[in-house]
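# Notes for the structure review
What follows is the residue order along each chain.
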Amino acid sequence: MSEKEIVDKMTMNRALTRITYEIIERHKGIEDIVLIGIKTRGIYIANRIAERLKQLEGIDVPVGEIDITLYRDDNHQVNHEEPTINASDVPFSIENKEVILVDDVIFTGRTIRAALDATMDLGRPDKISLAVLVDRGHRELPIRADYVGKNIPTSKSEQIVVSMAEIDGNDCISIKKEN
């Protein structure tokens with residue numbers, strides 16, 4: 001497989017800033033918003049959006065993290081071992097809040113469906129929205145992101161790889177193609 005960087009650190013930061021401004025513009029205040037990052041990279045994206053919201057609005061938006069492993073509908077297809085559980089951490093109530101689920105890439109929509117199920121097990125929010133850094137198309141479920149950093153059309157044989165400084169040592173988005 002060959003891998004090519006298609007989004008650099010600066011462009012990635014601009015995309016995250018755009019998402020942050022869109023969140024502010026669509027709400028009459030961000031006091032009732034909570035961010036829940038989908039493990040793994042969604043957590044880092046959610047934290048960056050929360051930092052930017054604090055810079056711009058002066059409000060600390062709560063950030064939680066959710067592990068959707070047990071909610072996936074394809075665990076039996078991925079491998080036949082027991083799934084590894086990475087605990088969720090949502091140390092606040094989502095009752096009467098607008099939850100913004102945050103992930104790095106939306107592809108088929110199955111991860112988001114699992115995240116919706118996991119979120120509903122935490123309580124009943126007023127609304128759930130979705131923010132993603134990359135929308136690559138190829139939906140299998142009727143799920144759409146409310147906030148999108150970059151639309152990057154791909155073929156099904158390609159992969160989008162999001163690298164985050166917190167876990168990967170650098171910020172970029174690459175596309176992997178089969179040779």
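Residues numbered from 1 in each chain as written. Predicted model: local features only at pLDDT ≥ 70, side-chain atom pairs only at ≥ 80, totals over all residues. Heavy atoms only, no water.

### A look at helix 2 (residues 41–57)
Compared with an ideal rise of 1.5 Å per residue, which puts 17 residues at 24 Å, helix 2 spans 24 Å between its outermost C-alpha atoms and is within 8% of the ideal. Contacts from the buried residues of helix 2 go to helix 1 (9–25), strand 2 (33–38), strand 3 (63–66), strand 4 (98–106), strand 5 (127–135) and helix 5 (165–168). (Helix = DSSP H or I, 4+ residues; strand = E, 2+ residues; numbered from the N terminus. Expected span 1.5 Å × (residues − 1). Contact = heavy atoms within 4.5 Å.)

### Digging into the sheet that holds strand 6 (residues 147–151)
Taking strand neighbours across the sheet as the criterion, the five strands line up as 3-2-4-5-6 in an open arrangement whose pairing is parallel. Only two strands of the sheet have a single neighbouring strand rather than two, namely strand 3 and strand 6. In this sheet, adjacent strand axes meet at a mean angle of 25 degrees when their direction is disregarded. Here strand 2 pairs with strand 3 via four bridges, running parallel. Paired with Gly37 across the bridge in strand 3 is Glu65. Sheet strands touched by helix 2: strand 2, strand 3, strand 4 and strand 5. Its angle to strand 2, the strand with the most contacts, is close to 150 degrees. Where helix 4 (residues 110–120) meets the sheet, its contacts fall on strand 2, strand 3, strand 4 and strand 5, and the angle it forms with strand 4 comes to roughly 155 degrees. (Pairing = 2+ DSSP bridges. Axes fitted to C-alpha atoms, helices over the stretch in contact; angles between N-to-C directions.)

### Observations concerning the UniProt feature "short sequence motif: PRPP-binding" (unreviewed entry) in the chain
As annotated in UniProt, the feature "short sequence motif: PRPP-binding" (unreviewed entry) corresponds to residues 99–111 in the numbering used here. Here residues 99–111 runs as 15% helix and 62% strand, with 16 Å between its end C-alpha atoms. (UniProt positions renumbered as here; feature names shortened; annotations may be inferred.)

### Section: the pattern of salt bridges
Counting across every chain of the model gives 12 salt bridges. Of the charged contacts, one joins Glu166 and Arg48 as a salt bridge, the two residues approaching to 2.7 Å between their closest N and O atoms. Residue Glu166 is found in helix 5, and its partner Arg48 is found in helix 2; the two are separated by 118 residues along the sequence. When its relative accessible area of 15% is taken as the criterion, Arg48 is described as buried. One salt bridge in this structure joins Glu158 and Lys177, with 3.9 Å as the shortest N-O distance. Highlighted residues: Glu158 in the loop between strand 6 and strand 7 (159–163) and Lys177 in strand 8 (residues 172–177), separated in sequence by 19 residues. By relative accessible area, Glu158 is classed as buried at 13%. Of the residues examined, Lys177 reaches a relative accessible area of 39% and is grouped as partly exposed. (Salt bridge = Lys/Arg side-chain N within 4 Å of Asp/Glu carboxyl O. Buried < 20%, exposed > 50% of the residue type's maximum accessible area, 1.4 Å probe, protein only.)

### Notes on the sheet that holds strand 7
Here we have three strands laid out as an open sheet, ordered 1-8-7, and antiparallel in their pairing. Among the strands making up the open sheet, the edge pair consists of strand 1 (2–7) and strand 7. Neighbour-to-neighbour, the strand axes of this sheet turn through a mean angle of 30 degrees, independent of strand direction. Judged from the five bridges that link them, strand 1 and strand 8 form a sheet pairing that is antiparallel.

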